[in-house]
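Okay, here's what each chain looks like letter by letter:
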Amino acid sequence: MKIQSFKFKGLVCAVIAAFVSVLLTVNFSWAATAAKHYTELEFAPLPEIKLPKYERYKLDNGMVVYLMENHELPLVNGAALIGTGDRFEPSDKVGLAQMVGTVMRTGGTRSHTPDELNQMLEQRAASVETDINETSGNASFEALSEDVETVLGLFAEILREPVFAEDKLALAKTQERGKISRRNDDPNEIVRREFKKLVYGKDSPYARTTEYETLAKISRPDLVKFYQQYFYPNNVILGIVGDFDPKKMKSLIQDKFGDWKPNPNFTKPELPQVTAQGGGVFFVNRPQLTQSSILIGHLGGQFNSPDYPALDVLNGVLNGFGGRLFNEVRSRQGLAYSVYGYWSPRYDYPGMFIAGGQTRSDATVQFVKSLQTEIRRLQTQPITPKELAFAKESTLNSFVFNFEDPAQTLSRLMRYEYYGYPSDFLFRYQKAVAATTAADVQRVAQKYLKPDSLVTLVVGNQTAINPPLTQLAKQVTPIDVTIPGSPQTQS
């Protein structure tokens, strides 16, 4: 949910231009003498953060509603989370959920054609968007306060009455075929996609990719069936934030959604199982490349782990200006312009531990060995008091950015309910980070990091990588990223 409107863009640009003109008249000669090394930075005391006032209630049909007022601008934003995700689509029709999410919006409703919807929204500088990602369905709207009744009505129509027009499905499939044909153009996309397959397994719902064959099997009845499985009010969380009168908004919501029939027999689908895969060294040969894109890592964990705060402090020790990877791999050894390593959890299934970056071809092996060394050093050498203080302070000071605006805060509250987390989860995390010790960081590094079981994936030019990857392991497994099949013309 974003608080913005096309009607304000001109004003914003004018203000920025005026601000820049003032800056240009200022003498910045003091900056050179005032500049400090990052180790000399001092953080201001953390301000106390409080949640804005909000209301949560439930309609008779089971739909959960959050309301949060914000009268700074004459705007209203809304978002809905629907309990679904592409992890629940059939394995032979990968891409189905994405098609549902796209054509819900582009395909029109029983009351309005796609062109009518677009025209009505454009006339009001409003928007309605829908999509389905890995773990949820999402719908959102933005509108001026004066137009909220009309826009909320269109939003409700799209959620409740999509028609999934055949021609719009055909267009969406054509666009997706184009994406498939281009998916090997970017080495960073290749390394991210193939790395997930190596960590989760190529057939895992968390690593599958849409292919020409799976796309060709998707028909309009498939979209309708998928929609009918999950789109019920008792499987929806709706949040609205902005400039509105609560009494009138409740009446509007009741009018637009109150008669939406629930499914009393609906049960949440069982989540797919995740099984850790083995490690090893893998390679994708791209002869045209002059540098290597590299990822190393393994299966990770979830946000609700009691050790997540300490693992996040560990991230602060590894990453950023002053982090071990930046200091050692980038600055001292000069192996990469960007390098990173972090424990990346998910809400309701295991995430990954990932480290990587890009380096010149002839430094590939040295780069990987340097990453491995820094991972092991976290386990064998306690971090210094200075490292701990800097990692904790930077982590805690970034905490305020979780509450930049009411829309962001409301979105977080909705996510916590969606995934079954307590509403004060972020504040519990904040306290746990503040209490983290150097011993905690070393303990979680020893417990969760697996330097002897790493998946290592390199995308690069085989002939230019010298010394060869066999210095990392006796067996280097090639990965063929040839796109199977050919583009299908049928819709």
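Right, let's walk through the structure included here. (Residues numbered from 1 in each chain as written. Predicted model: local features only at pLDDT ≥ 70, side-chain atom pairs only at ≥ 80, totals over all residues. Heavy atoms only, no water.)

1. Some remarks on the environment of A172
Part 1 of the reasoning: Along the chain, the position of A172 falls in helix 6 (residues 166-181).
Part 2 of the reasoning: A sequence separation of 72 residues divides A172 from V100, and the C-alpha atoms of the two residues are 9.8 Å apart.
Part 3 of the reasoning: If sequence neighbours within four positions are ignored, A172 has contacts with M99, T102 and V103. (Helix = DSSP H or I, 4+ residues; strand = E, 2+ residues; numbered from the N terminus. Contact = heavy atoms within 4.5 Å.)

2. What to know about the side chain of R208
Part 1 of the reasoning: The residue R208 is located in the loop between helix 7 (187-200) and helix 8 (212-216) in this model.
Part 2 of the reasoning: Among buried Asp, Glu, Lys and Arg side chains, R208 stands out as unpaired, with E89 the closest opposite charge at 4.2 Å.
Part 3 of the reasoning: Polar side-chain contacts of R208 include one of 3.3 Å to the backbone oxygen of E89.
Part 4 of the reasoning: With residues up to four places along the chain from it excluded, the contact list for R208 reads D86, R87, E89, P90, S91, V94, K202 and D203. (Buried < 20%, exposed > 50% of the residue type's maximum accessible area, 1.4 Å probe, protein only. Lys, Arg positive; Asp, Glu negative; His and termini not counted. Salt bridge = Lys/Arg side-chain N within 4 Å of Asp/Glu carboxyl O. Polar contact = N/O pair within 3.5 Å; in protein donor to acceptor, adjacent residues only side chain to side chain.)

3. Notes on the environment of L457
Part 1 of the reasoning: Relative to the helices and strands, L457 is located in strand 11 (residues 455-460).
Part 2 of the reasoning: When the C-alpha atoms of L457 and V476 are compared, they prove to be 9.6 Å apart, with 19 residues separating the residues in sequence.
Part 3 of the reasoning: Every residue in contact with L457, bar those within four places of it in the chain, is listed here: V191, E194, F195, L198, F282, F283, V284, S293, I294, L295 and I479.

4. Quick notes on the sheet that holds strand 4 (residues 127-132)
Part 1 of the reasoning: Spatial ordering of the open sheet is given by 1-2-6-3-5-4, a layout of six strands whose pairing is mixed. Two strands bound the open sheet, and with one partner strand each, they are strand 1 (55-58) and strand 4. In this sheet, adjacent strand axes meet at a mean angle of 15° when their direction is disregarded.
Part 2 of the reasoning: Sitting on the sheet, helix 15 (residues 406-419) touches strand 1, strand 2 (64-69), strand 3 (75-82), strand 5 (137-144) and strand 6 (236-242), and the angle it makes with strand 6 is about 165°. (Pairing = 2+ DSSP bridges. Axes fitted to C-alpha atoms, helices over the stretch in contact; angles between N-to-C directions.)

5. Looking at the pairing of strand 3
Part 1 of the reasoning: In terms of residue burial, strand 3 counts as a mostly covered element, since eight of its eight residues are buried.
Part 2 of the reasoning: Alternating positions in strand 3 separate into two faces, L75, N77, A79 and L81 on one and V76, G78, A80 and I82 on the other, with burial throughout.
Part 3 of the reasoning: Sheet analysis places strand 3 next to strand 6, joined by seven bridges and oriented antiparallel. Across the sheet, N77 pairs through a bridge with V241, a residue of strand 6.

6. Notes on the sheet that holds strand 11
For sheets, the rule is that strands pair by backbone hydrogen bonds, running either parallel or antiparallel.
Part 1 of the reasoning: Here six strands make up an open sheet; going across it, the order is 9-10-8-11-7-12 and the pairing mixed. Of all strands in the sheet, those bounded by a partner on one side alone are strand 9 (339-344) and strand 12 (476-478). Neighbour to neighbour, the strand axes of the sheet diverge by 20° on average, direction disregarded.
Part 2 of the reasoning: Of the strands in this sheet, strand 9 and strand 10 (352-360) touch helix 11 (residues 308-318), which is tilted by about 180° from strand 9.
Part 3 of the reasoning: Strands strand 8 (291-299), strand 9, strand 10 and strand 11 of the sheet are contacted by helix 13 (residues 364-380), whose axis makes an angle of about 145° with strand 10.

7. Focus on helix 5 (residues 148-160)
Part 1 of the reasoning: Here helix 5 is 13 residues long and its end C-alpha atoms lie 18 Å apart, about the 18 Å a rise of 1.5 Å per residue gives.
Part 2 of the reasoning: Most of helix 5 is tucked away, with 11 of its 13 residues classed as buried.
Part 3 of the reasoning: Where helix 5 is concerned, the buried positions are V148, V151, L152, G153, L154, F155, A156, E157, I158, L159 and R160. (Expected span 1.5 Å × (residues − 1).)

8. Observations concerning the packing of helix 5 against helix 10 (residues 246-257)
Part 1 of the reasoning: Following both chains from N to C, one finds helix 5 and helix 10 inclined at 30°, their axes separated by 10 Å at the closest point. Where helix 5 crosses over helix 10, the handedness of that crossing is right-handed. Of the residues in helix 10, those touching helix 5 at V148, E149, L152, G153, F155, A156, L159 and R160 are M249, L252, I253, K256 and F257.
Part 2 of the reasoning: Class assignment for the residues of the contact of helix 5 with helix 10 results in nine nonpolar, one polar and three charged. (Left-handed = near helix turned anticlockwise from the far one by under 90°. Nonpolar A, V, L, I, M, F, W, Y, C, P; charged D, E, K, R; others polar.)

9. Re the pairing of strand 1
Part 1 of the reasoning: Relative to strand 2, strand 1 is paired through four bridges, and the arrangement is antiparallel. Bridged to E55 within strand 2 is L67.
Part 2 of the reasoning: Two successive antiparallel strands, strand 1 and strand 2, enclose a turn made up of five residues, where G62 displays a positive phi of approximately 100°.

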